[in-house]
Amino acid sequence: MQLTPLIAVHMTAAITAVVLGPVALWARRGHAARQAHSQRPRLHRAIGYAWVTLMLITAISAVFIRDFKLPNIAGYTPVHLLVPIVFGSLFLAFRALLRGNVNTHRRVMVWLYVSACLVAGAFTLLPSRYLGGLVWHQWLGLA
């Protein structure tokens, strides 16, 4: 197994999104409004836009990563269903913000982080998957 540039871009964006997600959620604007001189609204917005950009990079790069070994349709496996879910969720989250519905925005973003970053990331690290094989077998030397 080799780490191709496409996989490297996808993996880097995904891992960085996993790391930045909690920062964006922690610095959410609702808490910062209670603190008069807080930098957290700026932090939330900056980290949030970075996280969204990373999620878009992850989703777009996933379209070009295909697996013909797992059950698939033209190389697209069930994990590829996350691509339209990411796009749809981001659309819903920003539409909610434009309508002033912060609670819906928050719920959608938390749900997207948990489902697309944590749950999908856990499945990606299964030893039978490409990235899981790299991590567990090649990098960590485990059987």
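Residues numbered from 1 in each chain as written. Predicted model: local features only at pLDDT ≥ 70, side-chain atom pairs only at ≥ 80, totals over all residues. Heavy atoms only, no water.

Enquirer: Help me understand a nonpolar patch on the surface, please; the structure alone is not making it clear to me.
Expert: Taken together, L6, L56, I60, V63, F64, Y76 and F87 make up a surface patch of nonpolar side chains, about 570 Å² in accessible area. Here L6 is to be found in helix α1 (residues 5-26). (Patch = residues over 30% accessible without salt bridge, like charges linked within 9 Å, V, L, I, M, F, W, Y side chains within 5 Å. Areas by Shrake-Rupley, 256 points an atom, 1.4 Å probe, with all protein chains shown as cover. Salt bridge = Lys/Arg side-chain N within 4 Å of Asp/Glu carboxyl O. Helix = DSSP H or I, 4+ residues; strand = E, 2+ residues; numbered from the N terminus.)

Enquirer: Help me understand the nonpolar core, please; the structure alone is not making it clear to me.
Expert: Looking at soluble globular proteins, one finds that nonpolar side chains tend to be buried together. Formed by 21 residues in total, the largest nonpolar core has its most connected members in W51, M55, V86 and L90. Mapped by element, the contributors of at least two residues to this core are α1, α3 (40-63), α4 (82-98) and α5 (102-124). Per-element tally for this core: the top contributor is α3, with seven residues. The residues contacting M55, other than those within four sequence positions of it, are A17, V86, A116 and C117. (Core = buried A, V, L, I, M, F, W, Y, C linked by side-chain atoms within 4.5 Å. Buried < 20%, exposed > 50% of the residue type's maximum accessible area, 1.4 Å probe, protein only. Contact = heavy atoms within 4.5 Å.)

Enquirer: Quick question: what am I supposed to make of the environment of P5 here?
Expert: Its place among the elements puts P5 in helix α1. Sequence separation between P5 and T104 is 99 residues; the distance between their C-alpha atoms is 36 Å.

Enquirer: Just checking my understanding: could you explain the packing of α1 against α3 for this structure?
Expert: Angle between the axes and distance between the axes: these two values describe a pair of packed helices. In contact at an axis separation of 8 Å, α1 and α3 are set at 155° when each is read in the N-to-C sense. Relative to α3, the element α1 is oriented roughly antiparallel. As for the relative orientation of α1 and α3, their crossing is left-handed in sense. Considered class by class, the residues forming the contact of α1 with α3 number 17 nonpolar, seven polar and one charged. (Axes fitted to C-alpha atoms, helices over the stretch in contact; angles between N-to-C directions. Parallel < 35°, antiparallel > 145°, perpendicular 65-115°, else oblique. Left-handed = near helix turned anticlockwise from the far one by under 90°. Nonpolar A, V, L, I, M, F, W, Y, C, P; charged D, E, K, R; others polar.)

Enquirer: Please explain the packing of α3 against α5 as it appears in this structure.
Expert: At a minimum axis distance of 13 Å, the contact between α3 and α5 shows a crossing angle of 40°. As far as their axial angle goes, α5 and α3 are oblique. In terms of crossing hand, the pair formed by α3 and α5 is left-handed. Along the contact surface, α3 presents W51, V52 and M55, while α5 presents M109, L112, Y113, A116 and C117. Its residues assigned to classes, the contact of α3 with α5 comprises eight nonpolar, no polar and no charged.

Enquirer: Please explain the packing of aromatic side chains as it appears in this structure.
Expert: Each pair of aromatic rings is reported with the distance of its centres and the angle of its planes. For the structure shown, the criterion picks out two aromatic pairs. Taken together, a centroid distance of 6.2 Å and an interplanar angle of 15° make the contact between Y49 and F94 stacked. With Y49 in helix α3 and F94 in helix α4, this pair connects stretches of sequence that are 45 residues apart. Assessed through its relative accessible area of 48%, Y49 is described here as partly exposed. F94 sits in the partly exposed class, given a relative accessible area of 27%. The interplanar angle of 50° and the centroid separation of 6.4 Å between the aromatic rings of W51 and Y113 together place this pair among those described as tilted. You can see W51 sitting in helix α3 and its partner Y113 sitting in helix α5, a full 62 residues away along the chain. Judged by relative accessible area, W51 falls into the buried class, the value being 5%. (Phe/Tyr/Trp six-rings, centres within 6.5 Å; stacked < 30°, edge-to-face > 60°.)

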